[in-house]
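Here is what each chain is made of, one letter per residue.
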Amino acid sequence: MARGPDAGTLVERALHQSAARAGVSLTIADAVATRWASATFAGARHVLDVEVAGDAAAAWLGGLAEAELPMRGQLMADCVVVRRARRGDGFTAKIEALTVETA
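About the criteria used
- Residues numbered from 1 in each chain as written.
- Predicted model: local features only at pLDDT ≥ 70, side-chain atom pairs only at ≥ 80, totals over all residues.
- Heavy atoms only, no water.
- Salt bridge = Lys/Arg side-chain N within 4 Å of Asp/Glu carboxyl O.
- Helix = DSSP H or I, 4+ residues; strand = E, 2+ residues; numbered from the N terminus.
- Buried < 20%, exposed > 50% of the residue type's maximum accessible area, 1.4 Å probe, protein only.
- Contact = heavy atoms within 4.5 Å.
- Polar contact = N/O pair within 3.5 Å; in protein donor to acceptor, adjacent residues only side chain to side chain.
- Pairing = 2+ DSSP bridges.
- Axes fitted to C-alpha atoms, helices over the stretch in contact; angles between N-to-C directions.

Engineer: Got a sec to walk through the pattern of salt bridges? Specific residues and values, please.
Structural biologist: Once the charged atoms of two side chains with opposite charge are near each other, the side chains can pair. Tallying each qualifying case throughout the model produces four salt bridges. The salt bridge partner of glutamate 51 is arginine 87, with a shortest N-O separation of 3.1 Å. Residue glutamate 51 is located in strand S2 (residues 42-53), and its partner arginine 87 is located in strand S3 (residues 74-87); the two are separated by 36 residues in the primary sequence. If you follow the salt bridges from partner to partner, you end up with Asp49, Arg83 and Lys94 in one network.

Engineer: Which residues make up the environment of glutamate 51, and what values go with them?
Structural biologist: Glutamate 51 sits in the partly exposed class, given a relative accessible area of 32%. In the structure, glutamate 51 is positioned 26 residues away from serine 25 in sequence and 8.0 Å away in space, judged by C-alpha atoms. Setting aside chain neighbours within four positions, we find glutamate 51 in contact with Ser25, Leu26, Thr27, Arg87, Phe91 and Thr92. In terms of polar contacts, glutamate 51 uses its side chain to reach the side chain of arginine 87, at 3.1 Å.

Engineer: An account of the sheet that holds S2 is requested, with residue identities and associated values reported.
Structural biologist: Taken together, four strands build an open sheet; the order of strands is S1-S2-S4-S3 and the sheet is antiparallel. Each of the sheet's edge strands pairs with one partner strand only, and the pair in question is strand S1 (25-37) and S3. Strand-to-strand twist in this sheet, taken as the mean axis angle between neighbours without regard to direction, amounts to 15 degrees. When S3 meets strand S4 (residues 90-101), the two strands line up antiparallel, connected through 12 bridges. Bridge pairing links alanine 85 to threonine 92 in S4.

Below, the structure written as structure tokens:
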């Protein structure tokens with residue numbers, strides 16, 4: 001039975017698609033996903049170091065907590081920019097996210 005991409009790959013894809021729709025250039029410098037489970041849910045915690053550029057970069061980062069980031073088989077339960085610093089014509093940022101398996 002073929003398996004689809006893991007949660008980390010899905011989060012990266014969703015972020016790239018969201019950034020592209022906003023006209024933002026996104027580079028993921030580092031990404032770590034750690035599996036977790038509670039009594040009722042299973043998923044993963046994600047920490048991503050990113051670089052963003054473009055006229056809408058600040059607005060895109062600022063809107064991530066409320067953004068719709070659809071992923072097959074996963075729900076983005078939380079997505080927060082925990083650190084952001086100006087760099088050249090853009091920003092470096094650390095994003096922490098939590099995904100929950102839906103399928």
